[in-house]
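If you want the building blocks of each chain, they are given just below.
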Amino acid sequence: MKIMIASDVHGSSYYAEKIKSTFEKEGAELLVLLGDIYNPGPRNPIEKVREYAPLKVAETFNSVKDRLMVIKGNCDSQVDTLISEFYFAEEGVILEGGKRITLTHGHIFNKDNMPPACGDALIYGHVHTGFIIKENGVTIANPGSVTLPKEGTAHSYLILDGGVLTLKDIDGGKVVQEEKI
């Protein structure tokens, strides 16, 4: 199953639409969002969010709710569920190609604080920098932020297909990094 993973939309209707169109172009079967869907949070000024419009973001993601898995981020709140036709899970697990992959936002569990028994891979958002690394036999990846990337990284997302993680720039689809789990 081909899976697209993105994170940290922070209310940008521009990047929500870009995620949806990229998801369709990639031909993925499942779209995973790793949190911080609507609210920019206290450290991300709204004026830095391109086309800030949480209700439009909700419309965009509600339109693919049957192919959507959403993990709750530290900027997501209970009130966000009022405009969402999808569930915000605290964390998730995907079994793909015989591999167990743990999904979380990253504000609690991350490469510096690994969850117990995370399996073969840990994928999380939160830090707004895309990467794929291996530590102690575990693949650790972050799709970065599509809206507010940090440290000079791309507006990026991940594709999981056949046990391979590919980090791509959402502005053109250029492969940034690739690693087999």
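See the structure above.
Residues numbered from 1 in each chain as written. Predicted model: local features only at pLDDT ≥ 70, side-chain atom pairs only at ≥ 80, totals over all residues. Heavy atoms only, no water.

Peer 1: Help me out: how do you make sense of the overall build of the protein in this one?
Peer 2: If you tally the helices and strands in the protein, you get two helices and twelve strands. In the protein, the succession of helices and strands from N to C terminus is β-α-β-α-β-β-β-β-β-β-β-β-β-β. The C-alpha atoms of the protein give a radius of gyration of 15 Å, which matches the 16 Å a tight globule of 181 residues would have. Along the first, second and third principal axes, the C-alpha set of the protein runs to 40 × 35 × 30 Å. Evaluated residue by residue, the protein yields a buried proportion of 53% over its 181 residues. (Helix = DSSP H or I, 4+ residues; strand = E, 2+ residues; numbered from the N terminus. Rg over C-alpha atoms; globule rule 2.2 N^0.38 Å. Buried < 20%, exposed > 50% of the residue type's maximum accessible area, 1.4 Å probe, protein only.)

Peer 1: I keep staring at the pairing of strand S1 (residues 3–6) and nothing clicks. Help me out?
Peer 2: Across the two faces of S1 the burial is the same, with Ile-3 and Ile-5 and Met-4 and Ala-6 all buried. For S1 and strand S10 (residues 156–161), the ladder comprises three bridges, and the chain directions are antiparallel. Pairing of Ile-5 across the sheet is with Leu-158, part of S10. (Pairing = 2+ DSSP bridges.)

Peer 1: So what exactly am I meant to see when it comes to the packing of aromatic side chains here?
Peer 2: Using the criterion set out here, one finds three aromatic pairs in the structure. With 4.8 Å between their ring centres and 85 degrees between their planes, Tyr-14 and Tyr-15 make a pair best called edge-to-face. When the centroid spacing of 6.1 Å and the interplanar angle of 70 degrees are considered together, the rings of Tyr-124 and Phe-131 count as edge-to-face. Like Tyr-124, the residue Phe-131 is buried in the burial classification. The ring of Tyr-14 carries the charged tip of Arg-50 above its face, separated from the ring centre by 3.6 Å. (Phe/Tyr/Trp six-rings, centres within 6.5 Å; stacked < 30°, edge-to-face > 60°. Lys NZ or Arg CZ within 6 Å of the ring centre and 35° of its normal.)

Peer 1: Hey, could you run me through the sheet that holds strand S7 (residues 121–124) in this one?
Peer 2: Two pairing modes exist for strands in a sheet, parallel and antiparallel, and in both the strands are linked by backbone hydrogen bonds. The strand order across the open sheet formed by five strands is S5-S6-S7-S9-S8, and the pairing between neighbours is mixed. For this open sheet the edge positions go to strand S5 (92–96) and strand S8 (130–135), each flanked by a neighbour on one side alone. Shown here is a sheet whose adjacent strand axes are inclined to one another by a mean of 20 degrees, direction ignored. By the bridge criterion, four bridges tie strand S6 (residues 99–104) to S7 in an arrangement that is parallel. Along S7, the bridge assignment pairs Ile-101 with Ala-121. (Axes fitted to C-alpha atoms, helices over the stretch in contact; angles between N-to-C directions.)

Peer 1: What is the right way to look at the sheet that holds strand S3 (residues 68–71) in this model?
Peer 2: With mixed pairing, the seven strands of this open sheet are ordered in space as S4-S3-S2-S1-S10-S11-S12. Every interior strand has two partners, whereas the edge strands, strand S4 (88–89) and strand S12 (175–180), have only one.

Peer 1: Sorry, what's going on with the nonpolar core here?
Peer 2: Within soluble globular proteins, side chains that are nonpolar tend to cluster in buried spots. The biggest cluster of nonpolar side chains holds 24 residues, and the ones touching the most others in it are Met-4, Ile-19, Leu-31, Leu-33, Ile-37 and Phe-61. A per-element tally of this core places helix H1 (residues 13–26) first, with four residues. Beyond its immediate chain neighbours, meaning those up to four positions away, Met-4 contacts Ile-19, Thr-22, Phe-23, Ala-28, Leu-30, Leu-31, Val-32, Tyr-157, Leu-158 and Ile-159. Counting residues in hydrophobic clusters, the runner-up holds 19 residues, among them Ile-5, Ile-123, Ala-141 and Ile-181. (Core = buried A, V, L, I, M, F, W, Y, C linked by side-chain atoms within 4.5 Å. Contact = heavy atoms within 4.5 Å.)

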